[in-house]
Number of protein chains: 2
Amino acid sequence: MEYPESFQKLIDCFRHLSGVGLKSAERMAYDILSMEPDDVNEFINSLENVANIKHCSICGNLSDDDLCPICNNINRDKSTICVVCYPKDVFAIEKINEYHGTYHVLNGVIAPSKQKTEEDINYQSLLDRVSNDNIKEVILATNLTVEGEITAMFIANQLKKYPVKVTRLAHGLPMGAQLDYADEMTLFKALSNRKEV
Amino acid sequence: MEYPESFQKLIDCFRHLSGVGLKSAERMAYDILSMEPDDVNEFINSLENVANIKHCSICGNLSDDDLCPICNNINRDKSTICVVCYPKDVFAIEKINEYHGTYHVLNGVIAPSKQKTEEDINYQSLLDRVSNDNIKEVILATNLTVEGEITAMFIANQLKKYPVKVTRLAHGLPMGAQLDYADEMTLFKALSNRKEV
């Protein structure tokens, strides 16, 4: 016996979301079934709105307006750009309340294993900003994964022709780390980047 | 810093689904963001269709048509009704390929802790079926939880006035169970319902 077609389709839609298996997708579809019509409509409206969400015309971050609140804030240091892969990385860095420059959101990574190349990242406008906006430092804050490193190296290469300081997030042991649980690469980086106390 | 309003609303919608926490909801919202417009539209259409899905006019199961495929199947034994709480329970029982009667889907449970009473379950039409359709047996296949037991007892009470056999799923140890891991109630039921070999 099969689910009715419309119900099966909704299950399939949920399964396309990351981290959602068959059982979770079924449960979510049943949740929708038992929701009030108003709540389902709100869900539908949110999907429509997000499908049409804007990106900041300067940095590429998610934005309700043409400029995001950071690019639009005169108190931010416009001479420093922190380059991240995704909008969520902006939110992660903003949470620590330590960075007062601007961002550039690539909205992707270079991932050869997934046929993602430099065509798939928003970097041309970063070069424009660096060449026109008197930028002093570009901080490469892509993830410290293989894909993030490839992306950072690519951007660093592109920036070589500009008189701008290019930095990368520090590698090392995370807070609370136990040496015997750390992977070898992390331990190697932590040792070679050791600092005098 | 906050997410743009439309994006935050979508995160909130995902959080209303069962088993979805903040991080998962954020990840799902980002998934939507990176989907092709066609896929988002399919998602929206599925939600709309499921919000308008029909229930079988006899048994209350999900259905694309007025009658579900089981009530519409002349080969099913119409004199036996298996009473379950939710459509997913029908699919669970159909999977074992052992039951050839019909179903009755309550589409809810009696749950005093959640202010769910008999008003919230589809049982009146079950009584109509039992009194009019020459039903020989009603199998109470609600979950073996507190709420499922309360619901089963309520239905059993309602059926007392009809000349129909009422049965309940067997309690006992599940396949592969280890005695020292079984809870006391299960072990007690397994012992008192022991069968001669």
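What counts, and at which threshold
Residues numbered from 1 in each chain as written. Chains lettered and ligands numbered in written order. Predicted model: local features only at pLDDT ≥ 70, side-chain atom pairs only at ≥ 80, totals over all residues. Heavy atoms only, no water. pLDDT = per-residue confidence, 0-100. Helix = DSSP H or I, 4+ residues; strand = E, 2+ residues; numbered from the N terminus. Contact = heavy atoms within 4.5 Å. Patch = residues over 30% accessible without salt bridge, like charges linked within 9 Å, V, L, I, M, F, W, Y side chains within 5 Å. Areas by Shrake-Rupley, 256 points an atom, 1.4 Å probe, with all protein chains shown as cover. Salt bridge = Lys/Arg side-chain N within 4 Å of Asp/Glu carboxyl O. Pairing = 2+ DSSP bridges. Right-handed = clockwise from strand over helix to strand, strands pointing away.

Visitor: Got a sec to walk through the confidence of the model for chain A? Specific residues and values, please.
Guide: Low pLDDT marks regions whose predicted coordinates should not be analysed in detail. Across chain A, pLDDT averages 89, with 99% of residues at or above 70. Reported for the predicted complex are a pTM of 0.71 and an ipTM of 0.72.

Visitor: Describe the environment of Arg27 of chain B, listing the residues and the values that go with them.
Guide: Following the sequence through the fold, Arg27 of chain B ends up in helix 2 (residues 22–33). Distance from Arg27 of chain B to Ile11 of chain B, taken between C-alpha atoms, is 8.6 Å for residues 16 residues apart in sequence. Apart from residues no more than four positions distant in its own chain, Arg27 of chain B is found in contact with Ser18 and Gly19 of chain A.

Visitor: Talk me through a nonpolar patch on the surface; I want residue IDs and the actual numbers.
Guide: On the surface, a cluster of nonpolar side chains totalling about 240 Å² of accessible area is made up of Leu173, Leu179 and Leu187 of chain A. Topologically, Leu187 of chain A is positioned in helix 7 (residues 184–192).

Visitor: A description of the pairing of strand 5 (residues 137–140) of chain B should follow, citing residues and the corresponding values.
Guide: Residue and element names in this part refer to chain B. As judged from the four bridges shared by strand 3 (residues 77–84) and strand 5, these two strands associate in the parallel manner. Looking at the pairing, Thr80 lines up with Glu137 of strand 5. Where strand 5 lies against strand 6 (residues 165–168), four bridges are found, and the strand directions are parallel. Across the sheet, Val138 pairs through a bridge with Val166, a residue of strand 6. Between the parallel elements strand 5 and strand 6, the chain passes through helix 6 (residues 146–159) in a crossover that is right-handed.

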